[in-house]
Amino acid sequence: MTPGSGGHQPPAGARGRGPLPTLNAGAGPGLLLVRTIGNWLNLSTPAGLAVAALGGARIRRGGRGVWLAEGYRYRFPTGGAFTIGTVITTARPSFADLDRRIPGVLEHEEAHTWQYTYACGLFYLPVYAALMGWSWLRTGDRASANFFERQAGLAAGGYVEAPRRDVRDGMRAACALMRARSGTLSRVAGRRCACADGTRGADGGA
Ligand SMILES: [Zn+2]
């Protein structure tokens, strides 16, 4: 996955390559075939094609067994692009447009396709979500300490490495966030209850 257009741009010359982009470059036809067949059999590629089609994306072959889907219309999953199986999808009109903002983004996304192969398909998704949570706890950022994103190359994905923080600090930040959100929900619920009772809410006006 990559951040959206508002995501961080790494400084020039700081674009690192994770180990899987290196595998992208060196993979021969046999290894690519293993990935293609593996991701069809583990159902991640059919799932990726279905998600892209449901999102109204235009799907085309991208070479090396990868499918490219452009013009995805929903806001979830968020980000500049996301990968399911060997299907790479973006909400942008074209990958050329995305690549102008995040050069090398397809190399990063193709790295994720290998992760579906070795993670046995859709098992990848809950593991990715857990790693994203761990990364947020450690850095306040969903990618910086996420093993899958680091393996795909943080800089190539448009991410900037965030400094680590103590897990206890992360837990405190998570608690503060949950308290803030529950407070917001309580205020919204309070207003709705007040209206239901026929009384004025906090912002009830005249
Ligand atoms: Zn990514």
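Predicted model only: the values in this text are computed from it and were never measured.

Conventions adopted
- Residues numbered from 1 in each chain as written.
- Predicted model: local features only at pLDDT ≥ 70, side-chain atom pairs only at ≥ 80, totals over all residues.
- Axes fitted to C-alpha atoms, helices over the stretch in contact; angles between N-to-C directions.
- Helix = DSSP H or I, 4+ residues; strand = E, 2+ residues; numbered from the N terminus.
- Parallel < 35°, antiparallel > 145°, perpendicular 65-115°, else oblique.
- Left-handed = near helix turned anticlockwise from the far one by under 90°.
- Contact = placed C-beta atoms within 7 Å.
- Nonpolar A, V, L, I, M, F, W, Y, C, P; charged D, E, K, R; others polar.
- Pairing = 2+ DSSP bridges.
- Buried ≥ 20, exposed ≤ 12 C-beta atoms within 10 Å, placed from the backbone.

Chemist: Help me understand the packing of helix α2 (residues 29-41) against helix α5 (residues 105-118) in this model?
Modeler: Running from amino to carboxyl end, α2 crosses α5 at an angle of 60°, the nearest separation of the two axes being 9 Å. By the angle between their directions, the pair α2 and α5 is classed as oblique. Our pair here, α2 against α5, has a crossing hand that is left-handed. Of α5, the residues touching α2 (which contributes Arg 35, Gly 38 and Asn 39) are Thr 113, Trp 114, Tyr 116 and Thr 117. Tallied by class, residues from the contact of α2 with α5 come to 2 nonpolar, 4 polar and 1 charged.

Chemist: Can you help me understand the sheet that holds strand β3 (residues 81-84) in this one?
Modeler: Pairing between sheet strands relies on hydrogen bonds along the backbone, with the strands arranged either parallel or antiparallel. With mixed pairing, the 4 strands of this open sheet are ordered in space as β1-β2-β4-β3. Two strands lie at the open edges of the sheet, namely β1 (58-63) and β3, each paired on one side alone. Looking at each pair of strands side by side, their axes are set apart by 25° on average, direction ignored. By the bridge criterion, 4 bridges tie β3 to strand β4 (residues 87-90) in an arrangement that is antiparallel. Bridging across to β4, Ile 84 finds its partner in Val 87. In this fold helix α3 (residues 44-54) packs onto β1, β2 (66-70), β3 and β4, with an angle of close to 25° to the strand it touches most, β4.

Chemist: I would appreciate a short explanation of the pairing of β4 in the present structure.
Modeler: For a regular strand, the rule is simple: side chains alternate between the two faces of the sheet. In β4, alternate side chains face the same way, and those of Val 87 and Thr 89 on one face and Ile 88 and Thr 90 on the other are all buried. Examined bridge by bridge, β2 and β4 share 4 bridges and lie parallel to one another. In the strand pairing of β4, Trp 67 is matched with Val 87.

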